[in-house]
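Architecture and fold: a report
Listed below, chain by chain, are the residues.
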Amino acid sequence: MKQGDMMHRLRLDERELASRVAFFEISDADLRRLSSLRPLAERHTDEIVEGFYQLLLGHPETRKFFADEATIRRVKRNQRDYFLGLFTGQLDLAYVEDRLRVGAAHERIGLPPKWYLGAYRRYMQLMDQRLVAELPPTEAKDAFQSLRKLVYFDMALAIDSYVLANLDALQRHQAAIRELSTPVIRVHAGVLLLPLVGTIDSQRAEQIMEAVLVRIVDEQAKVIILDIAGVAVVDTKVADHLLKTTAAVRLLGAQTILTGISAQVARTIVQLGVDISSMHTLSRLAEGIELALDLIGKAIVKKVG
Amino acid sequence: MALEAGDRASSTGDGEAKRGDQVLSRAEMPIACEDDVVIVRRKVRSLAQARGFDTFALAALTTATSELTRNVWVHAGRGRVLIEELTDGQRFGVRLEFRDEGPGIEDVDRALAGGFSTAKTMGLGLSGSRRLVDDFSLESKPGSGTVVRLIKWTRY
Amino acid sequence: MRGSIPILRVGGNLLATVHIELRDKVAEAFQEDVLETIEKTGAAGLVVDISGLEVVDTYVARVLADTARMAKLMGARSVLVGMRPEVAATLVRMGYAMDGVATALNVDEALILLTAATERRI
């Protein structure tokens, strides 16, 4: 996911930025202070980055991301830039976009969120030590406050980018599940079968109807058998979905056969007063297939001899 | 045919963009003759198609557009439609607002329940359109015209 | 306007392919053409192919249903073919299932249906 898209999805415009800056109570004074700390930060960047990597390399789960020397060198370089980015004194959309990009890169290679939060904690600890060592107590305290505000701001962005990435993965999985959950089978030329399993909510019912209609036209199938033996609950809503689908199938010029109706379901449908007389209904799938063939003018015949 | 009325319970709302929704474009088109039914529909269709609406959602939106544009023309003779492209950060949406100064609708609830028609075409078109979209609202008073608002979002 | 929608003779039946918008004047002219042709040819069946229609709203649906009814009054059975999946889904979602109109998957199927119907009548 490109960071431009992320900005869009997080609705990170000037208004949102201003809102976040206000919420984290980052003032112009804070930014100026951070900017004035840049020389100090630059002086200590190398040590701080080293100290940071000591943490990472000291733990197996994070060490595995730094397999070879070349990787470590490159990552340390990026880390310097990232760290120094805290002291530019500029907090605008470009800054945000940059932070999101880095966050997305880390998420992509599978670094867990704790890496981030652990990293920031380490930075703050390492910086704190230097600030206390080099600045008078009041100044050190103020500097640390300003730094902490920006660090929390950054962490919020990091978490946002992880959440968005998860949402993306979820959507991809849902699309895959949708594909798998409407397996329309061609039983014979002109006869389709769709075994329905599980719960049928409104959204799934919509998908089922659409998948069925498209297949019927694609294959010019005259009959579709919907087997509901595996459907968990058949109530008025489900019956309504089935009726709608049957009506739509009819509009295309095909017929629907409903099979897999258990005694329980038959009782429920009649008791609920649902009129499904417009559909062919049968209890067994095998009978449904025979009926379907009959409807297209065919029959299964025993071989002679 | 025992089809359940109002089965899109979520298709009420106020037909307005929510806070956090961004308006990407806005256009207004007049409705003054029968040709406009097709012209408006084509505009909405090409917009929605460009935003990635799938075939079924596209058909639903364009059909609702056709219904409502025709309603304006048939019952008020003239009116206009505001067409907005929206995004909520995750999906794209098309928002339409139909306005006319026609005779208005006496019984809004009954009109939306469907199957009711003062003139030939009104009945099912209005309630039917509501079922095709995600957000729908109807404001009408006899003598003060009608405003129909709807929003349809891309799916998945 | 008259003749905008071509009507072909196929044996004892008629085939009309709706490839343009069925707006007011066009719809009226179409219906007149159909009825006149049934009268002239004595056709027993009418196949209306709407595979070219991307959108069928309640107005168009009504025109099609009315046309079928009018043809029936003149002794011709109608069959609607070629409806697109998204059109069927939309009509049904609106609550308009066009119950009174016979349908078939395609022109061939429609003709088979009409021939069988004619044979039964004889």
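Residues numbered from 1 in each chain as written. Chains lettered and ligands numbered in written order. Predicted model: local features only at pLDDT ≥ 70, side-chain atom pairs only at ≥ 80, totals over all residues. Heavy atoms only, no water.

1. Comments concerning the environment of A:Thr236
By the secondary structure assignment, A:Thr236 is in helix 11 (residues 236-252). Since its relative accessible area comes to 35%, A:Thr236 is described here as partly exposed. (Helix = DSSP H or I, 4+ residues; strand = E, 2+ residues; numbered from the N terminus. Buried < 20%, exposed > 50% of the residue type's maximum accessible area, 1.4 Å probe, protein only.)

2. Brief notes about unusual backbone geometry
One non-glycine residue, A:Gln220, lies in the positive phi region at around 50°. With respect to the helices and strands, A:Gln220 occurs in the loop between helix 10 (202-219) and strand 3 (223-231). Here the phi dihedral of C:Met98 falls at roughly 45°; this positive angle occurs in a residue that is not glycine. With respect to the helices, strands and loops of the structure, C:Met98 is situated in the loop between helix 3 (85-94) and strand 5 (102-104).

3. Digging into the pairing of strand 5 (residues 145-153) of chain B
Residue and element names in this part refer to chain B. Among the nine residues that make up strand 5, nine are buried, leaving the element largely enclosed by the rest of the structure. Across the two faces of strand 5 the burial is the same, with Gly145, Val147, Arg149, Ile151 and Trp153 and Thr146, Val148, Leu150 and Lys152 all buried. Pairing between strand 4 (residues 135-141) and strand 5: seven bridges, direction antiparallel. When the sheet's bridge partners are listed, Glu139 is paired in strand 5 with Val147. Between strand 4 and strand 5, which pair antiparallel one after the other, the connecting turn spans three residues, and Gly143 there sits at a positive phi close to 95°. (Pairing = 2+ DSSP bridges.)

4. Some words on the interface of chain C and chain B
Every contact between the two is made by 21 residues of chain C and, on the other side, 26 residues of chain B. In this assembly, chain C packs against chain B so that about 2,200 Å² is buried in total across both faces, 57% of it on carbon and sulfur atoms. There are four salt bridges connecting chain C and chain B. Measuring nitrogen to oxygen at the nearest pair gives 3.5 Å for the salt bridge that ties C:Glu54 to B:Arg45. Put simply, chain C and chain B have six residue pairs in polar contact (both at pLDDT 80 or more) between them. (Contact = heavy atoms within 4.5 Å. Buried area = accessible area lost by both parts, 1.4 Å probe. Salt bridge = Lys/Arg side-chain N within 4 Å of Asp/Glu carboxyl O. Polar contact = N/O pair within 3.5 Å; in protein donor to acceptor, adjacent residues only side chain to side chain.)

5. Thoughts on the sheet that holds strand 5 (residues 280-281) of chain A
The pairing of strands in a sheet happens through backbone hydrogen bonds and is either parallel or antiparallel. All names here are of chain A. Read across the sheet, five strands follow the order 1-2-3-4-5 without closing on themselves; strand pairing throughout is mixed. At either end of the open sheet lies a strand with only one pairing partner, and these are strand 1 (185-188) and strand 5. Lying over the sheet, helix 10 contacts strand 1, strand 2 (191-198) and strand 3, oriented at roughly 165° with respect to strand 2. (Axes fitted to C-alpha atoms, helices over the stretch in contact; angles between N-to-C directions.)

6. Focus: the environment of B:Lys141
Residue and element names in this part refer to chain B. Here Lys141 shows up in strand 4. Taking the C-alpha atoms as reference points, Lys141 and Gly102, separated by 39 residues in sequence, lie 9.6 Å from one another. With sequence-adjacent residues up to four places away left out, Lys141 is seen in contact with Pro103 and Gly104.

7. Observations regarding the pattern of salt bridges
Following the criterion strictly, the structure yields 43 salt bridges over all chains and no others. A salt bridge links B:Arg26 to B:Glu84; its shortest N-O distance comes to 2.7 Å. Taken together, the residues span a long stretch of sequence, with B:Arg26 in strand 1 (residues 22-31) and B:Glu84 in strand 2 (residues 79-87) at a distance of 58 residues. B:Arg26 gets classed as exposed once you look at its relative accessible area, which sits at 56%. Close ionic contact of C:Arg2 with C:Glu36 constitutes a salt bridge, the shortest N to O distance being 2.9 Å. Here C:Glu36 lies in helix 1 (residues 24-41) and C:Arg2 lies in the segment before strand 1 (7-10), a separation of 34 residues in the sequence. Judged by relative accessible area, C:Glu36 falls into the partly exposed class, the value being 43%.

8. Side note on the packing of aromatic side chains
Residue and element names in this part refer to chain A. For the coordinates displayed, the defined rule picks out eight aromatic pairs over all chains. Relative to Phe153, the ring of Phe24 lies with its centre 5.8 Å away and its plane at 75°, an arrangement referred to as edge-to-face. Note that Phe24 is positioned in the loop between helix 2 (14-23) and helix 3 (28-36) and Phe153 in helix 9 (residues 137-181), a separation of 129 residues in sequence. Judged by relative accessible area, Phe24 falls into the partly exposed class, the value being 22%. One aromatic cluster is present, formed by Phe52, Tyr53, Tyr82, Phe83, Phe87, Tyr120 and Tyr123 through successive ring pairs. (Phe/Tyr/Trp six-rings, centres within 6.5 Å; stacked < 30°, edge-to-face > 60°.)

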